[in-house]
Amino acid sequence: MDQLLSQLVLGIVSGALLVLLALGLNLIFGLLEFINFAHGALYMVGAYLTSYLAAATGTVWLALLVVPVAMALIGAVLERTVIRPMYGRDQVDALLLTFGLTYILIEGVRYVAGSAGRRVPAPELLAFQVDLGLGRPVPAYLLFVVVAVALVVGGLWLFLQKTNVGLIVRAGIRDHVMIRALGVRFDRYRTLVFAIGIAVAGFAGVLTGPITGVFPEMGADILILAFVVVVVGGMGSFWGAVVAGLLIGVLVSVTTLYASVYAGIVPFVLMILVMTFRPRGLLGAT
Amino acid sequence: MTDLSGTEAKDAPVAAAASAVTLARATGSAPARWTWGQLGLLVVLAAFVLFTVPNPSLAIGMLIFGLWAAGLNLLVGYGGLVSFGHYLPFAWGGYAAGLVLKHVTTSAWVALFVATVSMAVLSALIGAICLRRTEVYFSMLTLAFAQLGFFIALQWNSVTGGDDGLAGVPVSTLELGFTTLELNGLRDPLTFFIVTAVIVLLTFTALILFTESPMGRVLQAIRESEERARGCGYNTRLVQLVTFVIAGAVAGLAGGLFAMLNNFVGLQPYWLLSGVVLIMVILGGRSSLFGPFLGAVLYLLLESTLSRYTDSWQFFVGAIFVVCVLLFPQGLWGLLTTTLPRLLRRTRRAR
Amino acid sequence: MRAKAGLLAGVTLLVAACGGTVAGGGGGGEGGGGSTEPLKVGVITGLTGAYVQLGEEQRNGAELAVQLLGGKAGDRPIELIVRDDQLKPDVALREAQALVQEEQVDFLTGCVSAATTLAVNQVASQAGVPYLGTCQTEQLNRPPNFDEAITYHLAPTPSQGINSAAPFICENMGQQVFLLLPDYAFGYEQEAAYTTAIPEQSGCSVAGTAYFPLGTTDFNPFIPTIEGSGATALVYGGVGRDQVSFLRQADQFGLTDRIPTFLTLEDLSFDQELGSELIDGTFAMAAFWWNVDDPGVQEYVEAYREEYGTPPGGYGVYLYNALNLIASAVEEGNDTPEDFRSWMEGREVTLGQGDMTIRECDHQALAPIYILEGLAADETESRGGDAEFGLREVVETVPGSEETAPTCDEVKEEFQRVG
């Protein structure tokens, strides 16, 4: 029984990272109306920046602040240069463009950093274990990850609900023609939302580094899982991404306990089931 | 709105489809120029490849991948449905053919028949689920099925060889009425190439017939506006499903040929290879059936030559692809048939 | 009309210029021929992809051998052609086809992953070109892959290593052994070997087995299972990247402190990526370690170190051995596949791995297996022999023999998964 509880906790940790990626994807899909295939590669870039920063300064803490900002800038630049021409075109073209971008990013990183992978040290401060009374102690760093993600999710929600900028973003997701008609400088908001989405992905990369190390292909598998989360939760749905992300993280974790062979396939079966019986996703709008 | 009673009912669908196609021509995503001329172009391309590509297996591979990509373009270019899982029927078609050759018979007819038909059936089942949604959702679903297929191929070790791949596929024989040909890609590549070329040309002809047929035209009308097509009384889902099945069957055929060429079926990430065939389609040009062949040749040339000079060849492929999507969305074919003639016309007019 | 004519003219020109290529090329390189014709050896290895350092090491090992041989095998100059398979079987296949058809190589060798080795072997078999496989797999020696005319296996089979290591694990680490294995062929091969070898040691048993999906980097979910099994020793069967992930995460949980861990696969480059902190106290087995007291090994290590600046890891030596074997055989006049085969069968040599025998029934190389202990940072110089590279110390050497290898009867059957 306490094995199961441990697995639940671990599932929430891996789910938390999925939530971050899925939220970014959803924001981008909601306002800019395309699926950002480069999301995984940008997550990887964030992780690499963390690894270099940690090697230079000896600590990961700085990266938690600096990397998301750097990624936001990168996102803004990308949006203004290569993504902008895609608006008004087929939804598919942006998808294809970001797919091509993935190749460029991965190979670019490989060229600079090599294929071998790099270490990211976990913060010394958190190198202890916490006994939550769940039978087995949990490394403090993993709990920190959950807390950090919760803060980001909360912050994003507050931003969207309580600020004027957030209000416009939400309205833009609803109906961007109308928003434009009301005189809003829509392209600025697009850049902002894309930058936020990429910053959040970069933040996820920062958090992941100490758990798995960094390597060029790290964005690929998690991106596909993030797609599943987005679809299962409901495309464009904020809480859908949160719920589905945690759900899938836990599902994979628990399946690993009982039938580890099938753990990889569970998210896709879930996706197919959801698409068949509830196409709008768990919390998606019709 | 149109009165769908009496004699008008017979004309209305055809007229609607024709008008939709006309509209498509006007907006620039036209069906190909020189529809039947493409067949001639394909013959020329095959000859070109035959005589210039030094690696015979690569040359044959270009034809096979071109066919695979052309089948995908039925979905992408003509149907407006972007599948991210088109490696699945290719890979499994390969397994089907390989397993038939290993355990049942070395007849190439049987192996290819099984590969094609089994993938047609599989595509029907998968398409029935994936086509319930459109656009991005459809793409995501095809991706999910590709991952599912990868997982099964990986796990079903006893049948597929799992990660190590299906090895020891025997050389197949092709029985024609007057003679029997042994299809050994390594020892007699010329025979293999010619047989492949014939199969590819015949299949290509069938694909052209489909796109020019009433159903093919309705498919393109659906791409322009599904609602309008449905409003005209067409069973849009059925048309899309038939297209999905044809694309899958063609992929299965291509995969079977590939298995016979290599006597081996390897395991690769399905989503990655699905992306590669999509790149071939986009690079080559999605507005025609010949375009994907150009894309396949181009991609494989880039892969084989660039990789000799730099380890980062995928960077350049990615960059070329991005430039293509940004500036030449109609691909190489569009560049050759639309952009360049327009430029030439402009310079001629300027004089 | 004009366009078509132009195209036709172009094609004709090309035909004239290049001549038939598909028509001309084809068929394999059958044997050498003249006494001063270049000896072409094709090397296919992973030069891009996840394990670049291993592929580069193989290339280095091959090039070093050729260099030390003076670039010649007898009177014949050696031409080494190195190609990248990107660790993908399809690419390996294509490159092998190119080497056989275009370059018409006399020998093929090299590989980093089992999947690519089987693909290259496939092509070699079709073309009749001898192939010296250089990565660990059970399957190369068995049907449907083994072709007695051309297949040779210079790396150990997993069972050779595991049979050598099982006594050590049971005597020195723990008697309830948990197996954490990757979910693909290499993992299944390990399972078959461990579940046979471990119970053979008295008092020792397998406490549990778990498979992790290929490419996984999240091992946290497995840790409760391992702890819950009551294991007193842990075998980890993953490679490279997932090895790094696993050890980090296990370290975070304090697992590796509580349960001694044994790594099936080890390489100097992985150890360097992991660092002393993570490998301290772990054990591993390897077919090669640079700091071994053997004249053959040291000759290779010193030459490698002088040429490339670092000691070699475990993958280059196979290529070094392969090139030396090929060169010796050809020098003595055995340049056809049949002659090469009779020369190789039963051959005893002393090369980069020390004393080695090529077994007759399945052309398997029998060479020593080393059990290595990971050292703490302050021990690398004293026990490891080098402050920077002395990350492990050899604590046991098991000589290569028929006893640890699968029997000649066993290899006549296709490899079967356990259970």
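Quick caveat, the model's predicted, so the values are computed rather than measured.

## Some details on the interface of chain B and chain A
Inference 1: Between chain B and chain A, the contact holds 36 residues from the first and 37 residues from the second.
Inference 2: Approximately 3500 Å² of surface area, both sides summed, lies buried where chain B meets chain A, with 78% of it carried by carbon and sulfur atoms.
Inference 3: The tally of links between chain B and chain A comes to one salt bridge.
Inference 4: Taking the shortest distance from any N to any O, the salt bridge between Arg 286 of chain B and Asp 93 of chain A comes out at 3.1 Å.
Inference 5: No other element matches the 12 residues that helix α6 (residues 135–155) of chain B contributes to the side of chain B that touches chain A.
Inference 6: Here the residues of the side of chain B that touches chain A sort into 25 nonpolar, six polar and five charged.

## Quick notes on the environment of Ile 78 of chain C
All names here are of chain C.
Inference 1: Mapped onto the secondary structure, Ile 78 falls in strand β3 (residues 76–84).
Inference 2: Expressed as a C-alpha distance, the spacing of Ile 78 and Ala 192, which sit 114 residues apart in the sequence, is 40 Å.
Inference 3: Beyond its immediate stretch of four places on either side in the chain, Ile 78 contacts Leu 39, Val 41, Val 66, Leu 69, Gly 71, Lys 72, Ala 73, Leu 323 and Ala 327.

## Topic: the pattern of salt bridges
A pair can form between side chains of opposite charge whenever their charged atoms are brought close.
Inference 1: If you walk through the whole model with that rule in mind, you get 26 salt bridges over all chains.
Inference 2: The closest approach of N and O atoms between Arg 392 of chain C and Asp 271 of chain C, which form a salt bridge, is 3.0 Å. Within this pair, whereas Arg 392 of chain C is found in strand β16 (residues 392–398), its partner Asp 271 of chain C is found in helix α10 (residues 268–274), the two being separated by 121 residues in sequence.
Inference 3: By relative accessible area, which is 0% here, Arg 392 of chain C ends up buried.
Inference 4: One salt bridge connects Glu 345 of chain C with Arg 341 of chain C, and the closest N-O pair in it is separated by 2.9 Å.
Inference 5: For Glu 345 of chain C, a relative accessible area of 22% gives the class partly exposed.
Inference 6: Via salt bridges that share partners, Glu 79, Arg 84, Arg 185 and Asp 187 of chain A belong to a single interconnected network.

## Side note on the interface of chain B and chain C
Inference 1: Across the contact, 44 residues belong to chain B and 48 residues belong to chain C.
Inference 2: Three residues, Phe 51, Asp 164 and Leu 186 of chain B, lead the burial of chain B against chain C; their summed loss comes to 19% of the area buried on that side.
Inference 3: The tally of links from chain B across to chain C stands at one salt bridge.
Inference 4: Glu 303 of chain B is the partner of Arg 94 of chain C in a salt bridge, and the nearest nitrogen-oxygen pair spans 3.0 Å.
Inference 5: Joining chain B to chain C, the criterion identifies 11 residue pairs in polar contact (both at pLDDT 80 or more).
Inference 6: Elements with a contribution of two residues or more to the side of chain B that touches chain C: α2 (37–52), α3 (56–78), α6, α8 (189–212), α11 (236–262), α13 (291–309) and α14 (313–327) of chain B.
Inference 7: Among the elements that line the side of chain B that touches chain C, the one with the most residues is α2 of chain B, at six residues.

## Focus: unusual backbone geometry
Inference 1: A cis amide bond links Pro 143 of chain C with the next residue in sequence, Pro 144 of chain C, at an omega value of 0°.
Inference 2: Secondary-structure assignment places Pro 144 of chain C in the loop between β5 (131–133) and β6 (151–153).
Inference 3: Of note, Glu 33 of chain A is a non-glycine position whose phi angle comes to about 65°, a positive value.
Inference 4: With respect to the helices and strands, Glu 33 of chain A occurs in the loop between α1 (2–32) and α2 (39–57).

## Notes on the confidence of the model for chain B
Residues and elements named next belong to chain B.
Inference 1: Summing up the model confidence of chain B, the mean pLDDT is 86 and the portion of residues at 70 or higher is 90%.
Inference 2: Per-element confidence in chain B ranges from a low mean pLDDT of 51 for helix α1 (residues 6–27) to a high of 96 for helix α4 (residues 87–103).
Inference 3: Throughout residues 1–10 the model reports pLDDT below 50, and contacts reaching past four residues in sequence, or to other chains, amount to five contacts.

## A look at the nonpolar core
Inference 1: Core analysis: the biggest nonpolar cluster contains 294 residues, and Leu 207 of chain A, Tyr 270 of chain B together with Leu 180 and Phe 246 of chain C have the highest contact counts within it.
Inference 2: Looking at which element gives the most residues to this core, the answer is α1 of chain A, with 17 residues.
Inference 3: Ignoring any residue separated from it by four or fewer positions in sequence, one finds Leu 207 of chain A in contact with Leu 17, Leu 20, Leu 64, Tyr 141, Phe 144, Val 145, Ala 148 and Val 149 of chain A.
Inference 4: Phe 168, Cys 170, Ala 193 and Ala 197 of chain C belong to the second-largest nonpolar core, a separate cluster that totals 26 residues.

## Quick look at the sheet that holds strand β10 (residues 261–263) of chain C
All names here are of chain C.
Inference 1: Spatially, the seven strands line up as an open sheet ordered β8-β7-β9-β10-β11-β15-β16, and their pairing is mixed. Here the strands that pair on one side only, and so sit at the sheet edges, are β8 (205–212) and β16. Put simply, the sheet's adjacent strands are angled 25° from each other on average, direction ignored.

## Let's talk about α11 of chain B
Residue and element names in this part refer to chain B.
Inference 1: Between its terminal C-alpha atoms α11 stretches 39 Å, which fits the 39 Å expected from 27 residues at 1.5 Å a residue.
Inference 2: Burial of α11 is extensive: 22 of the 27 residues sit out of reach of the surface.
Inference 3: Two residues or fewer after α11 comes Asn 263, characterised by a positive phi angle close to 55°.

## Observations regarding the sheet that holds strand β12 (residues 348–351) of chain C
Whether parallel or antiparallel, the strands of a sheet pair through hydrogen bonds between backbone atoms.
Residue and element names in this part refer to chain C.
Inference 1: Taken in spatial order, the three strands line up as β12-β13-β14 in an open sheet, and their pairing is antiparallel. In this open sheet, the two strands that pair with only one neighbour each are β12 and β14 (365–366).
Inference 2: Taken together, the four bridges between β12 and strand β13 (residues 354–358) define a ladder with antiparallel strand orientation. Across the sheet, residue Leu 351 finds its bridge partner in β13, namely Gly 354.

## Structural notes on the pairing of β12 of chain C
Inference 1: Of the two faces of β12 of chain C, only the one carrying Val 349 and Leu 351 of chain C is buried; Glu 348 and Thr 350 of chain C on the other face are not.
Inference 2: In this antiparallel pair of consecutive strands, β12 of chain C and β13 of chain C, the connection spans two residues.

## Considerations on the state of the cysteines
All names here are of chain C.
Inference 1: For the coordinates displayed, the defined rule picks out three disulfides over all chains.
Inference 2: A sulfur-sulfur separation of 2.1 Å characterises the disulfide bridge that pairs Cys 111 with Cys 135. Judged by the sign of its S-S torsion, about -120°, the cystine formed by Cys 111 and Cys 135 is left-handed. Of this pair, Cys 111 sits in the loop between β4 (107–109) and α4 (114–127) while Cys 135 sits in the loop between β5 and β6; the two residues are 24 residues apart in sequence, bridging distant segments of the chain.
Inference 3: By relative accessible area, which is 1% here, Cys 111 ends up buried.
Inference 4: One disulfide bridge connects Cys 361 with Cys 408, the sulfur atoms lying 1.9 Å from each other. Residues Cys 361 and Cys 408 are joined by a disulfide whose S-S torsion is about -80°; by sign, that bridge is left-handed. Taken together, the residues Cys 361 in the loop between β13 and β14 and Cys 408 in the segment after β16 connect sequence positions 47 residues apart.
Inference 5: Accessibility expressed as a relative area gives 34% for Cys 361, which makes it partly exposed.
Inference 6: The connectivity of the disulfide-linked cysteines in chain C, indexed sequentially, is 1-2, 3-4, 5-6.

Reading guide: rules and limits
Starting afresh in each chain, residues are numbered from 1 along the sequence in its written order. Naming scheme: in the order in which they are written, chains are lettered from A and ligands are numbered from 1. Selection of residues for local features in this predicted model requires a pLDDT of at least 70, selection of side-chain atom pairs for listing and counting requires 80 or more, and totals for whole chains, interfaces and linings are taken over all residues. Heavy atoms throughout the structure, all of them, feed into the side-chain values; hydrogens and water do not. Only heavy atoms enter the contact rule, under which two residues are in contact if any of them lie within 4.5 Å. Two parts placed together each lose some accessible area under a 1.4 Å probe, and adding up what both lose gives the buried area. Salt bridges are counted wherever a side-chain nitrogen of Lys or Arg sits within 4 Å of a carboxyl oxygen of Asp or Glu. Secondary structure follows DSSP: runs of H or I at least 4 residues long count as helices, runs of E at least 2 residues long count as strands, and numbering of each begins at the N terminus. Residues are grouped as follows: Ala, Val, Leu, Ile, Met, Phe, Trp, Tyr, Cys and Pro are nonpolar; Asp, Glu, Lys and Arg are charged; all remaining types, including Gly, are polar. The classification of residues rests on relative accessible area computed with a 1.4 Å probe and restricted to protein chains. Under 20% of the type maximum is buried, over 50% is exposed, and intermediate values are partly exposed. Each polar contact in these results corresponds to two N or O atoms within 3.5 Å; when the atoms are within protein, one needs to be able to donate a hydrogen and the other to accept it, and residues that are neighboring in sequence are counted only if both atoms are side-chain atoms. Values of pLDDT, ranging from 0 to 100, describe the predictor's confidence in every residue of the model. The term nonpolar core refers to a set of buried residues drawn from Ala, Val, Leu, Ile, Met, Phe, Trp, Tyr and Cys, joined through side-chain atoms within 4.5 Å. Only strands that DSSP links by at least two bridges are regarded as paired with each other. The axes are straight lines fitted to the C-alpha atoms, using for helices just the contacting stretch, and the angles between their N-to-C directions are given from 0 to 180°. What a helix is expected to span follows from its residue count: subtract one and scale by 1.5 Å. When two cysteine sulfur atoms lie within 2.5 Å, the pair is treated as a disulfide.

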